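As a plain string of letters, each chain reads:
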Amino acid sequence: MSDLDLLTQSLARNVKRWRTERGFTLEALAARAGVSRGMLIQIEQARTNPSIGTVVKIGDALGVSVTTLLDYEQGPKVRIVPAEQAVRLWHTDAGSYNRLLAGTEAPGPLEMWDWRLMPGDRSPSDPHPAGTVELVYVTAGELTLTVDGVEHRVPTGASASFEADTPHTYANEGDMPMEMVMAVSVPPVR
């Protein structure tokens, strides 16, 4: 079975599990996540490989991390993720990407990401649930972070934190690759 097949099967199983555990009907989860009921059915039947944006919306609606939705085994209390098993969920032909390094529920979803943006690339993000916080640490280049329409420059070695319940964009307007580590904390679903 390929990595993609494993992820598709894990996503199907975990979306259904968490939807059932939360007591959501397909209609309720579709409304909360802003995705169609048909898309949820395809995901739960492992008949589609949805975009990362769709997976993030479903995770936010369920109050679980992307890591939890893609986890294919219930691991021990300590979980080591070998470098080759970090999941690349977004990339561009220019060489930009993000990789989900680790995640847990603490008490809501908490994720750690590795990002690379090539010169000229950008990645917009829809607002996350109220109370979501993101932290970024730039390890190379300069990040242009736009939060709710306001641009912020974050150079190598600098960090930034922000409330991520408004539209935000990560961009590289420089002439060298930008690399950063990002943590995302989403409040638990109430």
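Residues numbered from 1 in each chain as written. Predicted model: local features only at pLDDT ≥ 70, side-chain atom pairs only at ≥ 80, totals over all residues. Heavy atoms only, no water.

A word on the overall build of the chain
Alright, step 1. A tally of helices and strands in the chain yields five helices and 10 strands.
Alright, step 2. For the chain, the C-alpha radius of gyration of 17 Å lies close to 16 Å, the compact-globule estimate for 190 residues.
Alright, step 3. Taking the principal axes of its C-alpha atoms as reference, the chain extends roughly 45 × 35 × 30 Å.
Alright, step 4. Out of the 190 residues in the chain, the part that is buried amounts to 44%.
Alright, step 5. A separation threshold of at least 6 residues defines the contact pool for the chain, and within that pool the share at least 24 residues apart is 62%.
Alright, step 6. For the chain, the exposed surface amounts to about 9900 Å²; the carbon and sulfur share of it is 53%.
Alright, step 7. Of note, the chain has its 17 positive side-chain charges centred 9 Å away from the centre of its 24 negative side-chain charges. (Helix = DSSP H or I, 4+ residues; strand = E, 2+ residues; numbered from the N terminus. Rg over C-alpha atoms; globule rule 2.2 N^0.38 Å. Buried < 20%, exposed > 50% of the residue type's maximum accessible area, 1.4 Å probe, protein only. Contact = heavy atoms within 4.5 Å. Areas by Shrake-Rupley, 256 points an atom, 1.4 Å probe, with all protein chains shown as cover. Lys, Arg positive; Asp, Glu negative; His and termini not counted. Charge placed at Lys NZ, Arg CZ, Asp CG, Glu CD.)

A look at the pairing of strand β9 (residues 168-171)
Alright, step 1. Every second residue of β9 is oriented toward a common face, with His168 and Tyr170 on one face and Thr169 and Ala171 on the other, all of them buried.
Alright, step 2. In the sheet, strand β4 (residues 122-125) pairs with β9 via four bridges, with the strands oriented antiparallel. In the sheet register, Pro124 faces β9, and the bridge partner there is Thr169. (Pairing = 2+ DSSP bridges.)

Digging into unusual backbone geometry
Alright, step 1. We note that Ala46 has phi near 55°; this positive angle belongs to a residue other than glycine.
Alright, step 2. Note on placement: Ala46 falls in the loop between α3 (37-44) and α4 (52-62).
Alright, step 3. Classification of Ala46 by relative accessible area gives partly exposed; the value is 22%.
Alright, step 4. For Asp148, which is not glycine, the phi dihedral falls at a positive 50°.
Alright, step 5. Its relative accessible area of 52% is what places Asp148 among the exposed residues.

Quick look at the side chain of Glu44
Alright, step 1. Tracing the backbone shows Glu44 in helix α3.
Alright, step 2. On the basis of relative accessible area, Glu44 is assigned to the buried category, the value being 14%.
Alright, step 3. Reaching out from Glu44, the side chain makes a polar contact with the side chain of Arg19 at a distance of 2.6 Å.
Alright, step 4. Ignoring anything within four residues of it in the chain, the contact list for Glu44 reads Ala12, Val15, Lys16, Arg19 and Leu26. (Polar contact = N/O pair within 3.5 Å; in protein donor to acceptor, adjacent residues only side chain to side chain.)

A short note on the packing of helix α1 (residues 3-22) against α4
Alright, step 1. In contact at an axis separation of 10 Å, α1 and α4 are set at 25° when each is read in the N-to-C sense. Taken together, the axes of α1 and α4 are roughly parallel relative to one another. Judged by the sense of rotation from one axis to the other, the crossing of α1 with α4 is left-handed. Counted together, Leu11, Val15, Trp18, Arg19 and Arg22 of α1 and Val55, Ile58 and Leu62 of α4 form the full contact between these two elements.
Alright, step 2. Among the residues forming the contact of α1 with α4, the class breakdown is six nonpolar, no polar and two charged. (Axes fitted to C-alpha atoms, helices over the stretch in contact; angles between N-to-C directions. Parallel < 35°, antiparallel > 145°, perpendicular 65-115°, else oblique. Left-handed = near helix turned anticlockwise from the far one by under 90°. Nonpolar A, V, L, I, M, F, W, Y, C, P; charged D, E, K, R; others polar.)

Remarks on the sheet that holds strand β6 (residues 142-147)
Picture the strands of a sheet paired through backbone hydrogen bonds; they go either parallel or antiparallel.
Alright, step 1. If you walk across this open sheet you meet the four strands as β4-β9-β6-β7, and the pairing is antiparallel. Either end of the sheet is taken by a strand with one partner, and the two such strands are β4 and β7 (150-155). The average undirected angle you get between the axes of adjacent strands in this sheet is 15°.

So, the nonpolar core
Grouped burial of nonpolar side chains is what soluble globular proteins tend to show.
Alright, step 1. Grouped together as the largest cluster of nonpolar side chains are 43 residues, with contacts concentrated most on Ile58, Leu69, Leu143 and Tyr170.
Alright, step 2. Among the elements that take part in this core, α4 stands out by supplying six residues, more than any other. (Core = buried A, V, L, I, M, F, W, Y, C linked by side-chain atoms within 4.5 Å.)

A few points about the packing of aromatic side chains
Alright, step 1. For the coordinates displayed, the defined rule picks out two aromatic pairs.
Alright, step 2. For the ring pair Trp90 and Trp115, a centre distance of 5.4 Å and an interplane angle of 40° mean the geometry is tilted. Pair noted here: Trp90 is in strand β1 (residues 87-91) and Trp115 is in strand β3 (residues 109-117), with a separation of 25 residues, a long-range link. Summarising the burial analysis for this pair, Trp90 and Trp115 share the class buried.
Alright, step 3. Their ring planes at 50° and their centres at 4.9 Å tell us that Trp115 and Tyr170 sit as a pair that is tilted. Pair noted here: Trp115 is in strand β3 and Tyr170 is in strand β9, with a separation of 55 residues, a long-range link. Of the two residues, Trp115 and Tyr170, neither departs from the other in class, the shared state being buried.
Alright, step 4. The rings of Trp90, Trp115 and Tyr170 are connected pair by pair, giving a single aromatic cluster.
Alright, step 5. Just above the ring of Tyr97 sits the side chain of Arg88; from NZ or CZ to the centre is 4.1 Å. (Phe/Tyr/Trp six-rings, centres within 6.5 Å; stacked < 30°, edge-to-face > 60°. Lys NZ or Arg CZ within 6 Å of the ring centre and 35° of its normal.)

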